[in-house]
Amino acid sequence: MKKILSSALLILLFFSGCSFKAGYDPSYVQNLRTTFNTPKNSTLKLAVLTTNEYDNKLLRQSPTSFTGGGTTLEIPIGIITRELTYEYFAHYYSDISRIKSMNGEYSIIISPEITHFEYEYDQLSNLGFAITPKLSFTLKVQVYNHQNLVMDKLYDSGLQSGASYMVSGQPGEHINKLLHETLFHTLSQVKLDIDKIVETPLNP
């Protein structure tokens, strides 16, 4: 009993009043890249469109859980969204760019934006022995074909869980890693929808 109380108290004390910062880390999806074995499309010119405002967007949020409720996490959500989208589609298209405006001749332009984000440190499900990072987000994706909007869709990640841990000096990184992995998987759904657009006749 003392061991259980000590572990729970240590976790609660550790999470009191701290602020954590996270950043874009491509190593978090390195293992996921091993699934790419499709030859790159060299016939289409693709671009990832974001604004400077979104690139500079920082989320400063507290978790929705009681555990860690006194902490905040700062995530450069704009950079993470842009870079992961670029890296994901760079595995499928040999001609891909990052752009800030609609200028230029591109077969497909992808404009991604995370519009809603929540996370939690779930300790209750582990009876106080460990913490499970969890999150959910909504990804808005607009796709243009030669500057004509052909898709405007919301992708709901659903509640996702990462690996449980006992105590961590950087609990925000567990959330950050889960964000990278979940966004990468969500982009696979975006790719399937874009494939349907590419398979249809494209307007000049």
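Residues numbered from 1 in each chain as written. Predicted model: local features only at pLDDT ≥ 70, side-chain atom pairs only at ≥ 80, totals over all residues. Heavy atoms only, no water.

**Q** How should I be thinking about the side chain of Ser136 in this particular structure?
**A** With respect to the helices and strands, the residue Ser136 is situated in strand E7 (residues 132-145). Given a relative accessible area of 18%, Ser136 falls into the buried group. Ser136 has contacts with His116, Phe117, Glu118, Ser157, Gly158 and Leu159, leaving out every residue within four places of it along the chain. (Helix = DSSP H or I, 4+ residues; strand = E, 2+ residues; numbered from the N terminus. Buried < 20%, exposed > 50% of the residue type's maximum accessible area, 1.4 Å probe, protein only. Contact = heavy atoms within 4.5 Å.)

**Q** I keep staring at the environment of Asp193 and nothing clicks. Help me out?
**A** Mapped onto the fold, Asp193 is located in helix H4 (residues 171-199). Side chain to side chain, Asp193 and Tyr155 meet in a polar contact 2.6 Å long. (Polar contact = N/O pair within 3.5 Å; in protein donor to acceptor, adjacent residues only side chain to side chain.)

**Q** Please explain unusual backbone geometry as it appears in this structure.
**A** Glycine aside, residues mostly have negative phi angles, and peptide bonds mostly take the trans form. Its identity is not glycine, yet His146 carries a phi of approximately 50°, on the positive side. Take His146: it is sitting in the loop between E7 and strand E8 (148-156). Take His146: its relative accessible area is 27%, and that puts it in the partly exposed class. Backbone geometry places Gln147, a non-glycine residue, at a positive phi of 75°. Mapping Gln147 onto the fold places it in the loop between E7 and E8.

**Q** Is there a simple way to explain the environment of Tyr92 in this structure?
**A** Take Tyr92: it is sitting in the loop between helix H3 (77-90) and strand E5 (93-99). Taking the C-alpha atoms as reference points, Tyr92 and Pro39, separated by 53 residues in sequence, lie 7.0 Å from one another.

**Q** Can you help me understand the pattern of salt bridges in this one?
**A** Pairing is possible between side chains of opposite charge, provided their charged atoms come close. Summed over the entire model, instances satisfying the criterion amount to ten salt bridges. With its nearest N and O atoms 2.8 Å apart, the salt bridge here joins Lys134 to Asp122. Residue Lys134 is located in strand E7, and its partner Asp122 is located in strand E6 (residues 108-122); the two are separated by twelve residues in the primary sequence. For the salt bridge of Asp195 with Lys191, the shortest nitrogen-to-oxygen distance reads 2.9 Å. Placement of both Asp195 and Lys191 in helix H4 is noted, with a separation of four residues, approximately one turn of the helix. A cluster of three or more residues bridged by salt bridges with shared partners is formed by Asp55, Arg82, Glu83, Arg98 and Lys100. (Salt bridge = Lys/Arg side-chain N within 4 Å of Asp/Glu carboxyl O.)

**Q** Is there a simple way to think about the sheet that holds strand E3 (residues 59-61) in this case?
**A** Across a sheet, paired strands are connected by hydrogen bonds in the backbone, their directions being either parallel or antiparallel. Reading across the sheet, the three strands line up as E1-E4-E3 and stay open at both edges, with mixed pairing between neighbours. Of all the strands in the sheet, the pair left with one neighbour each is strand E1 (19-21) and E3. Neighbour-to-neighbour, the strand axes of this sheet turn through a mean angle of 15°, independent of strand direction. Where E3 lies against strand E4 (residues 72-75), three bridges are found, and the strand directions are antiparallel. Bridging across to E4, Gln61 finds its partner in Leu73. (Pairing = 2+ DSSP bridges. Axes fitted to C-alpha atoms, helices over the stretch in contact; angles between N-to-C directions.)

**Q** So what exactly am I meant to see when it comes to the nonpolar core here?
**A** Nonpolar side chains tend to gather and get buried jointly when the protein is soluble and globular. Ranked by size, the top nonpolar core spans 44 residues in total, and within it Phe89, Ile114, Phe117, Leu139 and Leu179 carry the most contacts. Looking at this core, the elements that each hand over two or more residues are strand E2 (41-49), E4, H3, E5, E6, E7, E8 and H4. Per-element accounting of this core gives the leading share, nine residues, to H4. Beyond its immediate stretch of four places on either side in the chain, Leu179 contacts Ile75, Ile77, Ile80, Ile114, Phe117, Leu135 and Phe137. Core analysis: the second largest hydrophobic core is formed by six residues, Ala47, Ile99, Tyr106 and Tyr144 among them. (Core = buried A, V, L, I, M, F, W, Y, C linked by side-chain atoms within 4.5 Å.)

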